[in-house]
Number of protein chains: 2
Amino acid sequence: MRKQAATRQSDVLDVLNQHDKPMTAYAILDQMKVGEPGLAAPTIYRTLAALTEQGRAHKLESINAFVPCRCAHETSVPVLAICEECLAVEEHDGAQLLPQLTALSQKSAFEPTRHIVEIHGRCQTCAT
Amino acid sequence: MRKQAATRQSDVLDVLNQHDKPMTAYAILDQMKVGEPGLAAPTIYRTLAALTEQGRAHKLESINAFVPCRCAHETSVPVLAICEECLAVEEHDGAQLLPQLTALSQKSAFEPTRHIVEIHGRCQTCAT
DNA sequence: AGAATTTATTTTATAATATAACAAATTTGG
DNA sequence: CCAAATTTGTTATATTATAAAATAAATTCT
Ligand SMILES: [Zn+2]
Ligand SMILES: [Zn+2]
Ligand SMILES: [Zn+2]
Ligand SMILES: [Zn+2]
């Protein structure tokens, strides 16, 4: 059996939204295999690629995990703060960073297509 | 036979410096195995962990590769611009970004320990 | 110095992450 | 409809990273 990409995407997004921590592709896969045992990794990776391209989810590059976008910052810079203790992720809009990032790129006539900003540390709850 | 960590570290840094593109851990391993066939992945990963902790090398989190630090910005924010076409990496010091990044963290009383800033795009040479 | 203990490094094996290549179903344009 | 193009599913494999066991060096103690 086969599902449309759009359906897959909202299914995966649902799974992401049902968890309050970032999920790896394989964690998502395991979750979805409960109801759909035949499912395999490439389906998940393809769906995640679509979701991140659309800005509906983000990949945390530094921990190889994914979160749903909760920010609606299509045109801007997502800033993802990751608690190293509890793995909670806080999402901010980094529009304010753009001028400075652009200035850095211009130093060497680099043409940016995507900015990655992640902050590791401790969330309020975990900071003693 | 066995080598001191410090020696391993400068060996690995030498390999990184001899290439003008970022290298994966396994690319470094292959290179070093030429002269030292017994070498295995954990040695490389341990050495890279030490080098990145010391700020003598950086991991490009978005492409799982490493470059030697050419910036001497121990206390600041490394900004790594990666050309998606030729993989050249330009390193900048992002000290100017710190106030804004700090402001974002403070919004939710997040205590940052490490900032990750990467820019994907095209370098001057590859931008037509 | 020489044995006992600790620590650091290497090796082996395996886990986790990601993609290539192929097969099957669906859609599109005639 | 039918053929061609596209999208989705499946199988197999490549890449990245780490756990656990084995070994070697260094340290401590007698
Ligand atoms: Zn977002
Ligand atoms: Zn936390
Ligand atoms: Zn640097
Ligand atoms: Zn380039």
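Residues numbered from 1 in each chain as written. Chains lettered and ligands numbered in written order. Predicted model: local features only at pLDDT ≥ 70, side-chain atom pairs only at ≥ 80, totals over all residues. Heavy atoms only, no water.

### Comments concerning the protein's contact with DNA strand D
Right, so step 1: Every one of the 20 residues lining DNA strand D counts as a neighbour, but A:Lys3, A:Ala5, A:Arg46, B:Tyr26 and B:Lys59 are closest to it.
Right, so step 2: Separating a phosphate oxygen of DNA strand D from a side-chain N or O atom of B:Lys59 is a distance of 2.7 Å.
Right, so step 3: Of all the elements in the fold, those that place two or more residues in the surface near DNA strand D are helix 1 (5-18) and helix 3 (41-53) of chain A together with helix 3 (41-53) of chain B.
Right, so step 4: Looking at the surface near DNA strand D, its residues break down into eight nonpolar, six polar and six charged. (Near = heavy atom within 4 Å. Polar contact = N/O pair within 3.5 Å; in protein donor to acceptor, adjacent residues only side chain to side chain. Helix = DSSP H or I, 4+ residues; strand = E, 2+ residues; numbered from the N terminus. Nonpolar A, V, L, I, M, F, W, Y, C, P; charged D, E, K, R; others polar.)

### Comments concerning the coordination of the zinc ion (ligand 4)
Residue and element names in this part refer to chain B.
Right, so step 1: With distances of 2.2 to 2.4 Å, the protein atoms coordinating the zinc ion (ligand 4) are Cys83 (SG), Cys86 (SG), Cys123 (SG) and Cys126 (SG).
Right, so step 2: Around the zinc ion (ligand 4), the four donor atoms sit at angles spanning 105 to 114°, and that spread fits a shape best called tetrahedral.
Right, so step 3: Between consecutive donor residues of the zinc ion (ligand 4), the sequence gaps follow C-x2-C-x36-C-x2-C. Of the two residues, Cys83 sits in strand 3 (residues 78-83) while Cys126 sits in the segment after strand 5 (111-122), which places them 43 residues apart along the sequence. (Donors = N, O, S within 2.8 Å, 3.2 Å for Na, K, Ca; no water. Tetrahedral: all angles 85-135°; square planar, octahedral: opposite > 155°, others 65-115°.)

### So, the sheet that holds strand 5 of chain B
Right, so step 1: Read from one edge of the open sheet, six strands run 4(A)-3(A)-5(A)-5(B)-3(B)-4(B), paired in mixed fashion. Across the chains shown, the open sheet's two edge strands, defined by having one partner strand only, are strand 4 (89-93) of chain A together with strand 4 (89-93) of chain B. On average, each strand axis in the sheet is inclined to that of its neighbour by 20°, with strand direction left out of account.
Right, so step 2: Pairing of strand 3 of chain B with strand 5 of chain B involves five bridges; the strand directions are parallel. From the neighbouring strand, B:Ala81 faces strand 5 of chain B, where its bridge partner is B:Ile119. (Pairing = 2+ DSSP bridges. Axes fitted to C-alpha atoms, helices over the stretch in contact; angles between N-to-C directions.)

### Examining unusual backbone geometry
Most of the time, phi is negative for any residue but glycine, and the peptide bond is trans.
Right, so step 1: Although it is not a glycine, B:Asn64 adopts a positive phi angle of roughly 50°.
Right, so step 2: Looking at the element boundaries, B:Asn64 is found in the loop between strand 1 (57-60) and strand 2 (65-68).

### Re the domain arrangement of chain A
Residues and elements named next belong to chain A.
Right, so step 1: Along its sequence, chain A is carved into domain 1 (5-68) and domain 2 (78-127).
Right, so step 2: In this structure, domain 1 and domain 2 have C-alpha centres spaced 22 Å apart.
Right, so step 3: With ten residues of domain 1 at the contact, the number on the domain 2 side is twelve residues.
Right, so step 4: The junction of domain 1 with domain 2 conceals about 860 Å² of combined surface from both sides, 62% of it contributed by carbon and sulfur atoms.
Right, so step 5: Taken together, the links from domain 1 to domain 2 amount to one salt bridge.
Right, so step 6: Where Glu61 meets Arg114, a salt bridge forms, and the shortest distance between an N and an O atom there is 2.6 Å.
Right, so step 7: Seen at the junction of domain 1 and domain 2, the total is six residue pairs in polar contact (both at pLDDT 80 or more).
Right, so step 8: The element best represented in the side of domain 1 that touches domain 2 is strand 1 (residues 57-60), accounting for three residues.
Right, so step 9: Its residues assigned to classes, the side of domain 1 that touches domain 2 comprises five nonpolar, two polar and three charged. (Domains from an automatic or database assignment. Contact = heavy atoms within 4.5 Å. Buried area = accessible area lost by both parts, 1.4 Å probe. Salt bridge = Lys/Arg side-chain N within 4 Å of Asp/Glu carboxyl O.)

### Digging into the interface of chain A and chain B
Right, so step 1: Contacts between the two partners involve 36 residues from chain A, matched on the other side by 36 residues from chain B.
Right, so step 2: Overall, the association of chain A and chain B removes approximately 3200 Å² of surface from exposure, summing both partners, and the carbon and sulfur fraction of that is 58%.
Right, so step 3: The interface formed by chain A and chain B contains zero salt bridges.
Right, so step 4: There are eleven residue pairs in polar contact (both at pLDDT 80 or more) connecting chain A and chain B.
Right, so step 5: Sorting the residues of the side of chain A that touches chain B by element identifies strand 3 (78-83), strand 4, helix 4 (98-107) and strand 5 (111-122) of chain A as the ones contributing at least two each.

### Considerations on the relation of the copies chain A and chain B
Right, so step 1: Screw-axis analysis of chain A against chain B gives a translation of 0.0 Å along the axis, an RMSD of 0.0 Å, and a rotation angle of 180°. The transformation relating the two chain copies, once decomposed into turn and shift, fits a two-fold axis. Closest approach to the rotation axis among the C-alpha atoms of chain A is made by A:Val117, whose C-alpha sits 2.3 Å away.
Right, so step 2: Same-surface contact between copies: 100% of interface residues of chain A are shared with the interface of chain B. (Least-squares fit on C-alpha atoms with pLDDT ≥ 70 in both.)

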